[in-house]
Structures are given as C-alpha cells and as structure tokens.
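Tertiary structure, described
Chain residues, written in single-letter form:
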Amino acid sequence: DQQVKQNSPSLSVQEGRISILNCDYTNSMFDYFLWYKKYPAEGPTFLISISSIKDKNEDGRFTVFLNKSAKHLSLHIVPSQPGDSAVYFCAASASGNQFYFGTGTSLTVIP
Amino acid sequence: DVKVTQSSRYLVKRTGEKVFLECVQDMDHENMFWYRQDPGLGLRLIYFSYDVKMKEKGDIPEGYSVSREKKERFSLILESASTNQTSTYLCASSPLGYRDGNQPQHFGDGTRLSIL
C-alpha cells in the first residue's frame, strides 16, 4: 500500500503565478519530508525539506507546508518560472534511512 | 559535490540474461539504494544497504539481488531478466540517519534498461 500519495499526476500554471503541489501520507511515524525535482533523463535533485517539528519551511521561491493532523504537505512555488517545469516527487522518512516516495506530479509552467 | 555515478545510461538486454547495474558514490555515504521508476508508479525501492555486505529488501525485491563489497559501490543484479523489468533504474546514496540540515539522498542520472 502506498504510504505517500500524490493524487495529481499533472499541473499546468501560468508563468508568474503560484504552483501548489500536494502530497498525503498515511504513516504517522514519518518525521522528515522532502521534495525532489526531476528533469527528463536526469536523477531527482533535492529541493527542500521539513521536519515534523515545523509546519513551514521556506527557501527562496519554494515553501513547504506541513499539516500533521491532516497528514498532508504541500509545496508552493512563487512565482513560477518555465524552468520549474519538471516532475516533483515528495518523500517521507521515519528512520532517516529509508525514504518512501510518492508517484510524482508533472508541473508545466506556461510562458 | 556528491557524485553518484551509474555505469550505463541506456542498456538493452534479452530475456533470460543476467544483468548487472553498477553504481559508485564518492562521498563515503553509509546508505545506498536502488529504485526503479515507472510511469504512474513513482520511485519504488528495490533494495538498500546500510553498510558493506549488508542489504535490506525494499518494496519490490523479487527478481533482483544486490551486492555491496565496497562502501562506495552498490550493484543491482537481475538474475534472469524479464520484459516486466524494463524500466528506469535509479541509484542513490545518503549519510546514515538523515536529519534536518543534513544532506538527503543523492541520485545518479539513472539507467534506462530495455529487456527484449
């Protein structure tokens, strides 16, 4: 059973607007959450993370929000740029060693 | 910068062949991982290793084995390749026990494997 879920396979956003990518998880033992970005023919690259003691973490245009009671996290990209077009994976970990990944959301930013 | 290098970007093999995928990392990481990525299924963990000669099954280990004889090298073996193993294979490494502020998993660029 998938412990980390991304229910939107794709998302299209106009350049300059906000992109919101969502992720749900089922395991209440998860204490670290990460977002990765993946371009075609490349490996995923780390984008931003959040620990369960926080509810928000910001890094430039990227902000991750964590709602532990809803077991939900989201990634906000503001403003969105064409170079942000990629597949975004969320991941979660309880041990700090094994990571569980979602199925990915393909973001297209339209110029 | 951490470098995770996978030996092949593209590979074509025949059913029944024994296939070796090699991965090397240069940051002295304890953990190494093999995933496969398939459309609509995301990244699924095949095997991981905490240390030399240690291995743990992931979510989909059937049909695969691994070898970690040296800390920097983690090999994935398809014992008898089948068409349903056509996929993109990703290797990753990370320090032991990720914590906030530490480096998370670093990935190689992947191997696109086709089994005919």
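It should be noted that the structure appears before, not after, this text.
Residues numbered from 1 in each chain as written. Chains lettered and ligands numbered in written order. Predicted model: local features only at pLDDT ≥ 70, side-chain atom pairs only at ≥ 80, totals over all residues. Heavy atoms only, no water.

Some words on the interface of chain A and chain B
Condition: Any two residues whose heavy atoms approach within 4.5 Å are treated as being in contact. Once two parts are brought into contact, the accessible area they lose, counted with a 1.4 Å probe and summed over both, makes up the buried area. We count a salt bridge whenever a side-chain nitrogen from Lys or Arg sits within 4 Å of a carboxyl oxygen from Asp or Glu. The helix count covers DSSP runs of H or I at least four residues long, the strand count covers runs of E at least two residues long, and both are numbered beginning at the N terminus. Under the convention adopted here, Pro, Cys and the residues Ala, Val, Leu, Ile, Met, Phe, Trp and Tyr are nonpolar, Asp, Glu, Lys and Arg are charged, and Gly plus all remaining residues are polar.
Counting from both sides, the interface comprises 22 residues of chain A and, opposite them, 25 residues of chain B. Both sides of the chain A and chain B interface together cover about 2000 Å² of buried area, and 55% of this is carbon and sulfur. The largest share of the area that chain A buries against chain B comes from Y32, N97 and F101 of chain A, three residues that together contribute 27% of it. Applying the counting criterion to the chain A and chain B interface returns 0 salt bridges. When residues of the side of chain A that touches chain B are assigned to their parent elements, the largest contribution, 4 residues, is made by strand β4 (residues 32–38) of chain A. Of the residues contributing to the side of chain A that touches chain B, the split by class is 10 nonpolar, 9 polar and 3 charged.

What about the nonpolar core?
Note the threshold: Buried Ala, Val, Leu, Ile, Met, Phe, Trp, Tyr and Cys residues that are joined via side-chain atoms within 4.5 Å together make up what is termed a nonpolar core. Relative accessibility under 20% of the residue-type maximum defines a buried residue, over 50% an exposed one, and the middle range a partly exposed one, all with a 1.4 Å probe and only protein chains included.
Core analysis: the biggest nonpolar cluster contains 23 residues, and F33, W35, L73, L75 and Y88 of chain A have the highest contact counts within it. Listing elements by their share of this core, those giving two or more residues are β3 (19–25), β4, β5 (45–51), β7 (62–67), β8 (72–77), β9 (86–93) and β11 (105–110) of chain A. By residue number, the principal contributor to this core is β9 of chain A, which donates 4 residues. V4, W34, L76 and I115 of chain B belong to the second-largest nonpolar core, a separate cluster that totals 20 residues.

A few points about the environment of G43 of chain A
Within the fold, G43 of chain A resides in the loop between β4 and β5. G43 of chain A sits in the buried class, given a relative accessible area of 5%. Along the chain, G43 of chain A and I18 of chain A lie 25 residues apart, while their C-alpha atoms are 25 Å from each other. Setting aside its immediate chain neighbours within four residues, G43 of chain A contacts K37 and K38 of chain A together with L90, F107, G108 and D109 of chain B.

Here we look at the pattern of salt bridges
Taken as a whole and assessed by the stated rule, the structure comprises 8 salt bridges over all chains. K56 of chain A is the salt-bridge partner of E58 of chain A, the closest N and O atoms lying 3.9 Å from each other. A residue is classified by how much of its surface remains accessible, and K56 of chain A, at 41% relative accessible area, is partly exposed. Between K18 of chain B and E79 of chain B there is a salt bridge, with its nearest N and O atoms 3.7 Å apart. Here K18 of chain B is found in the loop between β2 (10–13) and β3 (19–25), whereas its partner E79 of chain B is found in the loop between β8 (73–78) and β9 (87–94), with 61 residues between them in sequence. Its relative accessible area of 46% is what places K18 of chain B among the partly exposed residues.

Some words on the pairing of β3 of chain B
Residue and element names in this part refer to chain B. What counts here: Between any two strands, at least two bridges found by DSSP are needed for them to pair.
A one-sided burial pattern is seen for β3, the buried positions being V19, L21, C23 and Q25 and the unburied ones F20, E22 and V24. Looking at chain direction, strand β1 (residues 4–6) and β3 are connected through 3 bridges and run antiparallel. Paired with T5 across the strands is V24, a residue of β3. In the sheet, β3 pairs with β8 via 6 bridges, with the strands oriented antiparallel. Paired with F20 across the strands is I77, a residue of β8.

Examining the pairing of strand β6 (residues 56–59) of chain A
All names here are of chain A. Where β6 lies against β7, 4 bridges are found, and the strand directions are antiparallel. Looking across to β7, one finds that E58 is bridged to T63. A loop of 2 residues connects β6 with β7, the two strands running antiparallel in sequence, and G60 in this loop sits at a positive phi of about 65 degrees.

Remarks on the sheet that holds β1 of chain B
Residues and elements named next belong to chain B. Inclusion rule: Orientation is described by lines fitted to C-alpha atoms, with helices fitted over the stretch in contact, and by angles between N-to-C directions that extend from 0 to 180 degrees.
Taking strand neighbours across the sheet as the criterion, the 4 strands line up as β1-β3-β8-β7 in an open arrangement whose pairing is antiparallel. On the outer flanks of this sheet lie β1 and β7 (64–70), each paired with one strand and no other. The average undirected angle you get between the axes of adjacent strands in this sheet is 20 degrees.

Scope: geometric values only; no functional claims are made or implied.
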